[in-house]
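Examination of the molecular architecture
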Amino acid sequence: MAMGLRVSGRNARFQQWEALLGNRTKRQRRGEFLVQGVRPITMAVEHGWQIRELLYDTSAELSSWARKVLDTVQAEKIAVRPELMQELGEKADTVPELLAVATMPEDDLRRIPVGPAMLTVVFDRPTSPGNIGTLVRSADAFGASGVIITGHAADVYDPKAVRASTGSLFALPVVQMPAHQAVLSWVADVRADGIGMGIVGTDERGALAAAEYDFTRATLTLVGNETTGLSSGWRAACDQLVRIPMFGSASSLNAATAATVVLYESARQRTAAARQ
């Protein structure tokens, strides 16, 4: 492995990386974000994301995994002192051996594959980056074709969201859209191509239980803001509102948890239909 740049102090380069952790505006301006953790970095590489920089701990005996990434990925390799790596890794008791700076893909709905079995999830105005990452992880686990974040929302590329997705952010398209109108225009195009996509919202007062809705068709599943639920614009766009039956004392579910339940129900129905 060829030695590259060395960063041993809190210089301008370090401050750029630090800004990627906490400054959404600078992430967007540079079109880059920081990737922490073995699985997320591995998934980013496996799924062909552009890695611009690889940071590695100058003091560590690097693992075979880290050496392989450094040897095979086309990126600038930068040796960084352990105390600085620890700050960028954001874990008080751990010094990461490797961190990556990745390029953000375009927020383009054409990244989401279209077909008769497509299952796409919309998360409307989420305030928690952790909830975004958890929803993306569930969407990946249960076979969704993509996730769309709409409205004034937390950032998909916030480190908390990237960590919570445990690498799933790199495995399926996640697109941020400023408003619901652009998504509805995309749905209209999908329908014009002959795909009968249904729009179903999750709501604790929904007319149908989730199990009563037919998720085997192409579906856009909507999940609302953690506090206020779906916007009026999205409610008006729904073909159906579904609820998750609950039997204990809890009055509602966390938004990402509710999405996970509905995604499981979608996968259950599709698996059952495939067996027939």
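Further up the page is the structure itself.
Let me begin by describing the structure that accompanies this report.

Analysis parameters
- Residues numbered from 1 in each chain as written.
- Predicted model: local features only at pLDDT ≥ 70, side-chain atom pairs only at ≥ 80, totals over all residues.
- Heavy atoms only, no water.
- Phe/Tyr/Trp six-rings, centres within 6.5 Å; stacked < 30°, edge-to-face > 60°.
- Helix = DSSP H or I, 4+ residues; strand = E, 2+ residues; numbered from the N terminus.
- Buried < 20%, exposed > 50% of the residue type's maximum accessible area, 1.4 Å probe, protein only.
- Expected span 1.5 Å × (residues − 1).
- Contact = heavy atoms within 4.5 Å.

Scanning the model with the defined rule gives six aromatic pairs in all. Ring centres 6.1 Å apart and planes at 10° place the aromatic pair F33 and F170 in the stacked group. Highlighted residues: F33 in strand 2 (residues 32-36) and F170 in the loop between helix 7 (159-164) and strand 8 (174-177), separated in sequence by 137 residues. Taken as a pair, F33 and F170 share a single burial class, namely buried. Where W49 meets F170, the ring centres are 4.8 Å apart and the plane angle is 85°; that geometry is what we call edge-to-face. Taken together, the residues W49 in the loop between helix 3 (38-46) and strand 3 (51-57) and F170 in the loop between helix 7 and strand 8 connect sequence positions 121 residues apart. F170 gets classed as buried once you look at its relative accessible area, which sits at 3%. Taken together, the ring pairs in this structure connect F33, W49, Y157 and F170 into an aromatic cluster.

The next subject is helix 6 (residues 129-141). The first and last C-alpha atoms of helix 6 sit 18 Å apart over 13 residues, in line with the 18 Å expected at 1.5 Å per residue. Along helix 6, the residues that are buried comprise P129, N131, I132, G133, L135, V136, S138 and A139. Those residues of helix 6 that are buried are in contact with strand 6 (119-124), strand 7 (146-150), helix 7, strand 8, strand 11 (219-223) and helix 10 (255-275). Just downstream of helix 6, G143 is the residue with a positive phi angle, here 85°.

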